[in-house]
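Chain by chain, the residues run as shown.
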Amino acid sequence: MTELEKQKCHKLMWEGIRNGREAQDIFKRTNISEVQMRFADQKQGYAQGINQALAYIGYSHPDMKMLWDVV
C-alpha cells in the first residue's frame, strides 16, 4: 500500500469513527423522533461500511479498534 493510499485510508477511518460516534450520541437520547432515528441508522451504517471496506483491503492501524467499538 502506498503512502497516499494509507493517508486516504486513515482519513476514511476517522470519518467512520466520527459518524459512529454521532450515531451513538443520537441513540443515547431518550426522546428521539423517527427522523432522528433514521439519521442515526444512516450514520451507523456508513461507519459499518467503512469498517468493512478497510478490513477487506487489509488496512491496519491501532485506531481501527475505535472504529470497531463505535460500530
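Residues numbered from 1 in each chain as written. Predicted model: local features only at pLDDT ≥ 70, side-chain atom pairs only at ≥ 80, totals over all residues. Heavy atoms only, no water.

*Asks:* Outline the overall build of the chain, supporting the account with residue identities and numerical values.
*Replies:* Scanning the chain from terminus to terminus reveals 3 helices and 0 strands. Beginning at the N terminus, the succession of helices and strands in the chain can be written as α-α-α. The dimensions of the chain, computed from C-alpha atoms along their principal axes, are 45 × 20 × 15 Å. Within the chain, buried positions represent 25% of all 71 residues. Restricting to contacts in the chain with at least 6 residues of sequence separation, those with at least 24 account for 63%. Here the chain has roughly 5,100 Å² of accessible surface; of this, 54% comes from carbon and sulfur atoms. For the chain, the distance from the average position of its 10 positive side-chain charges to the average position of its 9 negative side-chain charges is 2 Å. (Helix = DSSP H or I, 4+ residues; strand = E, 2+ residues; numbered from the N terminus. Buried < 20%, exposed > 50% of the residue type's maximum accessible area, 1.4 Å probe, protein only. Contact = heavy atoms within 4.5 Å. Areas by Shrake-Rupley, 256 points an atom, 1.4 Å probe, with all protein chains shown as cover. Lys, Arg positive; Asp, Glu negative; His and termini not counted. Charge placed at Lys NZ, Arg CZ, Asp CG, Glu CD.)

*Asks:* Give a description of helix α1 (residues 3–28) that names residues and reports values.
*Replies:* With 26 residues, α1 should cover 38 Å at 1.5 Å per step; its first-to-last C-alpha distance of 38 Å lies within 8% of that length. Where α1 is concerned, the buried positions are Cys9, Met13, Gly16, Ile17, Asn19, Gly20, Ala23 and Ile26. Where α1 is buried, its residues contact α2 (34–57) and α3 (64–70). (Expected span 1.5 Å × (residues − 1).)

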